[in-house]
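# Working through the structure, step by step
Here is how the chains run, residue by residue.
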Amino acid sequence: MPREDCCSMLLALVARFLWLCSVAGLENGLARTPPLGWMPFERFRCVTDCVKFPRDCISESLFMRTADLLVSEGYSAVGYEYLIIDDCWMERQRHEITKELMPDRERFPRGLNFLSDYIHNKGLKFGLYHDIGERTCMHFGPGANGYYALDAKTFANWNVDYVKLDGCFIKNINLDIAYPAFGRELNKTGRPMVYSCSWPYYQKHPNYELIKKHCNLWRFADDIRDAFDSVGKTMYNYYKQQKNLTKHAGPGHWNDPDMLVLGNYRLSYDASRLQLAIWAIIAAPLIMTNDLQTVRPAIKTLLQNRAIIEVDQDPLGIPGRCVYIAGSFQIWVRPVMPFNNIGAHSYAVAFVNIGNYEPCPLCPQTYEVVLKRLGFENDLGYKVIDLFGSMEDLGLFKPKDKFITRVNPSGVTFFKFTSVDMY
Ligand code: GLA
């Protein structure tokens, strides 16, 4: 065989191999840190009557208004970039002939390419909800079943950057086969799309080893609600599974405890701090669900706290865990950058008062802990700052030192312990 033929055959084989690799698993290079963004579901649910509820209905104007506010109110500048449409955007049936999905023609009159361009022109990214089964969870539009390739192509044609794939109405569907299959179709389009899977939430014994190969993030808990008990329940759910959950998350693959509900009606200021701190500790995606036009200034400041976002986005990508739990008191710890020059890393630490402490559940509580008990071993010590307290410097603490903090009910205090270098 002539040398050129041999070379081109080899090149073709390599190209085929690379193509197979690119469509076989996820590795789309996305979500190296947890995604930040906005999604309407907890706040706006499935409101579709735009005549009665023009501000609240799931429509082009809600997403255009939110895109504008993400930028003008400073959210995009601190990292919130994915604007994701949740359920209830579709026409109830596919196109009669092409079988393509269609957005509701009244609520999205200019189509999704128009909206996608609008969002992209703001420097944001565009996400879209779908379901792996027969119908979406609100029973609203058709699910992907039987149309994986077509729907993935349609999403790519709409320049979607993020797909949330739910798992309702899945009779006779094996999720361990279906989710990877849909992900392969996304990969085949050649358009990078973050793949957010609800897969484990719909299984008794999820195989996270498999899930992490195919998804950038995965829902492991119930739908969050705008209430402290729902936030507490999600935290407890994580705590119970944390051995497993922390093993599988890391750059490109994250545990998703669902949206940030702060900025709505029911979380107190303290509970809002708590949700934010714990979501940062567990390396969760920070996807707000609120009306950006009515978020109170104090909550907006929390949502835009750069030091806390920095913990969430820590490049090591090691999810934290609850290391101590007793009564109303919990301590959550996450190893973060920087390492000092002898290899000891730093920590973000959240001290939580769940608020059922007897005899005074509604009082602030004082907690003391010797740092060594948290596994802080750097003999040179740690410089401590208060992440909610305008980065107030609290001084140097050694492993044998006691750290004392006072925590409001249903609240948190949140600190960064930066390991000190040897000189
Ligand atoms: C499920 C999901 C929610 C939301 C709704 C939409 O309940 O878990 O996050 O997407 O469906 O119907």
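These numbers come from a predicted model, not from an experiment. (Residues numbered from 1 in each chain as written. Predicted model: local features only at pLDDT ≥ 70, side-chain atom pairs only at ≥ 80, totals over all residues. Heavy atoms only, no water.)

This brings us to the domain arrangement of the protein chain. Partitioning the protein chain into domains gives domain 1 (36–317) and domain 2 (322–419). One C-alpha centre belongs to domain 1, the other to domain 2; they are set 31 Å apart. At the interface, 26 residues of domain 1 touch 26 residues of domain 2. Buried area between domain 1 and domain 2, summed over both chains or domains, comes out near 2200 Å², and the portion from carbon and sulfur atoms is 72%. For domain 1, the biggest contributors to the area lost against domain 2 are Arg273, Ile281 and Leu316; these three give 26% of the whole. Our count for the domain 1 to domain 2 interface comes out at nine residue pairs in polar contact (both at pLDDT 80 or more). Of all the secondary structure elements, the ones that give two or more residues to the side of domain 1 that touches domain 2 are α8 (228–248), α9 (269–281) and α11 (306–312). Split into classes, the residues belonging to the side of domain 1 that touches domain 2 amount to 18 nonpolar, three polar and five charged. (Domains from an automatic or database assignment. Contact = heavy atoms within 4.5 Å. Buried area = accessible area lost by both parts, 1.4 Å probe. Polar contact = N/O pair within 3.5 Å; in protein donor to acceptor, adjacent residues only side chain to side chain. Helix = DSSP H or I, 4+ residues; strand = E, 2+ residues; numbered from the N terminus. Nonpolar A, V, L, I, M, F, W, Y, C, P; charged D, E, K, R; others polar.)

Next up on the list: the site of the ligand. Lining the immediate environment of the ligand, one finds Phe41, Asp86, Asp87, Tyr129, Cys137, Met138, Lys164, Asp166, Arg219 and Asp223. In the model, an oxygen atom of the ligand is placed 2.7 Å from a nitrogen or oxygen of the Asp86 side chain. One of the side-chain N or O atoms of Asp87 is found 2.7 Å from an oxygen atom in the ligand. Taken together, the residues of the shell around the ligand break down into four nonpolar, no polar and six charged. (Near = heavy atom within 4 Å.)

What follows concerns the packing of aromatic side chains. Throughout the structure, instances matching the rule amount to 30 aromatic pairs. Consider the rings of Tyr82 and Tyr162, whose centres lie 5.2 Å apart with planes at 50°: the pair is tilted. Taken together, the positions of Tyr82 in strand β2 (residues 82–85) and Tyr162 in strand β4 (residues 162–166) put the pair 80 residues apart, joining distant regions of the chain. Of the two residues, Tyr82 and Tyr162, both sit in the buried class. (Phe/Tyr/Trp six-rings, centres within 6.5 Å; stacked < 30°, edge-to-face > 60°. Buried < 20%, exposed > 50% of the residue type's maximum accessible area, 1.4 Å probe, protein only.)

This part covers the state of the cysteines. Disulfide: a covalent bond formed between the sulfur atoms of two cysteine residues. Enumeration according to the criterion identifies five disulfides in this entry. Covalently, Cys50 is tied to Cys57 through a disulfide, its sulfur atoms 2.0 Å apart. When the S-S torsion is 105°, as for the bridge of Cys50 with Cys57, the disulfide is right-handed. Residue Cys50 is classed as partly exposed on the basis of its relative accessible area of 26%. Sulfur-sulfur distance for the disulfide between Cys197 and Cys215 comes to 2.1 Å. Measuring handedness by torsion sign, the sulfur bridge of Cys197 and Cys215 sits at about -95° and is left-handed. (Disulfide = S-S within 2.5 Å.)

In this section: the side chain of Ser116. Inspection of the secondary structure puts Ser116 in helix α4 (residues 111–121). Among residues more than four places away in sequence, those in contact with Ser116 are Phe126, Trp158 and Asn159.

Bringing the pairing of strand β11 (residues 346–353) into the picture now. Here is the key point about a regular strand: its side chains alternate between the two faces of the sheet. Taken across its eight residues, β11 has eight buried, putting it largely inside the fold. In β11, alternate side chains face the same way, and those of Ser346, Ala348, Ala350 and Val352 on one face and Tyr347, Val349, Phe351 and Asn353 on the other are all buried. Both strand β10 (residues 329–336) and β11 contribute to a ladder of eight bridges, which runs antiparallel. Across the sheet, the residue bridging to Pro335 is Tyr347, located in β11. Across seven bridges, the pairing between β11 and strand β16 (residues 411–419) is antiparallel. Within β16, the position partnered with Val349 by the bridge is Phe415. (Pairing = 2+ DSSP bridges.)

We now examine the packing of α8 against α9. Direction vectors running N to C along α8 and α9 enclose 20°, while the axes themselves pass 10 Å from each other. What the angle tells us is that α8 and α9 run roughly parallel. Two packed elements cross with a definite hand, and for α8 against α9 that hand is left-handed. Here α8 contributes Phe228, Val231, Thr234 and Met235 to the contact with α9, which in turn contributes Ala271, Leu274, Gln275, Ile278 and Trp279. For the contact of α8 with α9, the residue count by class is seven nonpolar, two polar and no charged. (Axes fitted to C-alpha atoms, helices over the stretch in contact; angles between N-to-C directions. Parallel < 35°, antiparallel > 145°, perpendicular 65-115°, else oblique. Left-handed = near helix turned anticlockwise from the far one by under 90°.)

With that settled, the discussion passes to the confidence of the model for the protein chain. Mean pLDDT for the protein chain: 93, with 94% of residues reaching 70 or above. Confidence drops under pLDDT 50 across residues 1–23; counting only partners more than four residues distant or on other chains, this segment forms seven contacts. (pLDDT = per-residue confidence, 0-100.)

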